[in-house]
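# Structural characterization, general
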Amino acid sequence: MPFGQIVIGPAGAGKSTFCTGMQQLLQSLGRKCHVINLDPGSMMFPPVEDAPARYTPAVDVTEICSQWDLMGRLSIGPNAALVEAMRMLVAPPNCTWFLSRLKSIITQNEKDVEEDGEVPYFIFDFPGQAELITNEPYLFQLILLLEKSLQFRLVAICLVDATTAIFTKERLVSSKLLCLTAMASIELPFINAFSKTDLLTPSEKENLALEREDPGLDKICNDFDPDFGPDSGTSTEINAADSKAPDCFIESNVMRKTTTRKSQHRLWYLLEELVEDMPYLHHMLVAVEDKDSMLRILRAADRANGYVFGGLTQGNDCIMGISAQAL
């Protein structure tokens, strides 16, 4: 019974880089891993000269359809082409082809399972379009196909780019709400993570309280905007805390304070309180070049999808045996 990760998130969050790093980490640990490319607009295959090494997909959705082909054939834009490509993937006969390719990989690994107990592990690289996560049903339908047809045990990992998401309270709260919407839509064990944290300077990490696993929204917002609160919205002074922030933040911060109505500040403050009170929105910190952070998220994923309990058998005998031993 295979296990896997479905890697989702906005465009530019580093999903493909994360998949590459996770595959390399698993291989270094002696675990077999197959990466499945679900992005019909991917331009990384074949590899570009002088480009960083990327994973070679075990199954590539571009064999069914390409985003660029759909744009030309149907005279639609890139976003509509991505949606159409995912619709085609979960519809017959393409879904049958996709499942058969996965089943062949699983069958090839059955001998290894019998010899060393190593169950197949898959990473699904999903396209970075928010509508596919929040509005369209195709990701959920794909998950149902994998779970019912091939008995996959999956966990969703939602990546958000730390370098762009946490420098203003609006972006931070919006990113958290996007993750919350995805959690409600997908119905899988869920891991949220800030990616590219290695690109933040030590001072930025200190100002944003990123030394700990989950930066508090209230701490982040008040570090760069002390007037942020239920009664804010009129101050135009640049204070000491603003001097720690990037220039682009100071400029936008002053503009907001001079032009934004008090009611809008009140709205963001209430949204911040709403998000902060939800324990489900804990974010891990991950940097592909940092092996420790990748190991932390791998351990969390293995617990969430049940890999730590070993390969599941009919009736979950393996899990029952481990539970009995624990007693």
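Residues numbered from 1 in each chain as written. Predicted model: local features only at pLDDT ≥ 70, side-chain atom pairs only at ≥ 80, totals over all residues. Heavy atoms only, no water.

### Comments concerning the overall build of the protein chain
- Counting its regular elements, the protein chain contains 15 helices and 7 strands.
- Expressed as a percentage of the 327 residues in the protein chain, the buried residues total 49%.
- Considering only residue pairs separated by 6 or more positions, the protein chain has 74% of its internal contacts joining residues 24 or more positions apart.
- Accessible surface for the protein chain amounts to roughly 15,700 Å². Of this, 53% is attributable to carbon and sulfur atoms. (Helix = DSSP H or I, 4+ residues; strand = E, 2+ residues; numbered from the N terminus. Buried < 20%, exposed > 50% of the residue type's maximum accessible area, 1.4 Å probe, protein only. Contact = heavy atoms within 4.5 Å. Areas by Shrake-Rupley, 256 points an atom, 1.4 Å probe, with all protein chains shown as cover.)

### Remarks on the sheet that holds strand E3 (residues 59–60)
- With parallel pairing, the 7 strands of this open sheet are ordered in space as E3-E2-E4-E1-E5-E6-E7. Two strands in the sheet have a free side with no partner beyond their single neighbour: E3 and strand E7 (283–285).
- In this sheet, strand E4 (residues 121–125) lies alongside strand E2 (residues 33–37) in parallel orientation, the contact comprising 5 bridges. Bridge pairing in E4 places Ile36 opposite Phe124.
- Against the sheet, helix H8 (residues 169–186) touches strand E1 (3–8), strand E5 (153–161), strand E6 (190–195) and E7, its axis set at about 155 degrees to E6. (Pairing = 2+ DSSP bridges. Axes fitted to C-alpha atoms, helices over the stretch in contact; angles between N-to-C directions.)

### Concerning the packing of helix H1 (residues 15–28) against helix H14 (residues 291–305)
- For the pair H1 and H14, the least separation of the axes is 11 Å and the interaxial angle reads 85 degrees. With respect to H14, the element H1 is oriented roughly perpendicular. Facing Phe18, Gly21, Met22, Leu25 and Leu26 of H1, the residues of H14 in contact are Lys291, Met294, Leu295, Ile297 and Leu298.
- When its residues are assigned to classes, the contact of H1 with H14 shows 8 nonpolar, 1 polar and 1 charged. (Parallel < 35°, antiparallel > 145°, perpendicular 65-115°, else oblique. Nonpolar A, V, L, I, M, F, W, Y, C, P; charged D, E, K, R; others polar.)

### What to know about the confidence of the model for the protein chain
- This prediction gives the protein chain a mean pLDDT of 77; 71% of its residues lie at or above 70.
- The model gives residues 232–252 a pLDDT under 50, and that stretch makes 36 contacts with residues more than four places away or in other chains. (pLDDT = per-residue confidence, 0-100.)

### Digging into the nonpolar core
- Membership of the largest hydrophobic core comes to 55 residues, with the highest contact counts inside it found for Ile8, Phe98, Leu102, Phe124, Leu146, Phe152 and Ile186.
- Among the elements that take part in this core, helix H3 (residues 78–90) stands out by supplying 8 residues, more than any other.
- Not counting the four nearest positions on each side in its chain, Ile186 is found in contact with Ile8, Ile133, Leu139, Phe140 and Ile143.
- Within the second largest apolar cluster, 28 residues are counted, among which are Cys33, Val35, Val119 and Met284. (Core = buried A, V, L, I, M, F, W, Y, C linked by side-chain atoms within 4.5 Å.)

### Describing the side chain of Arg31
- Looking at where Arg31 falls in the secondary structure, it is placed in the loop between H1 and E2.
- The class of Arg31 is buried, set by a relative accessible area of 11%.

### Thoughts on the pairing of E6
- Of all 6 residues in E6, 6 are buried, a share of seventy percent or more.
- Pairing analysis gives 6 bridges linking E5 to E6, with the strands arranged parallel. Note that in E6 the partner of Leu159 across the bridge is Ala193.
- Of the pairings in the sheet, the one linking E6 to E7 comprises 3 bridges and is parallel in character. Residue pairing for E7: Phe194 is matched across the bridge by Leu285.

### Notes on the pairing of E2
- Of all 5 residues in E2, 5 are buried, a share of seventy percent or more.
- The alternating pattern of E2 places Cys33, Val35 and Asn37 on one face and His34 and Ile36 on the opposite face, and all of these are buried.
- Judged from the 2 bridges that link them, E2 and E3 form a sheet pairing that is parallel. Bridging from a neighbouring strand, Asn37 pairs with Asp60 of E3.

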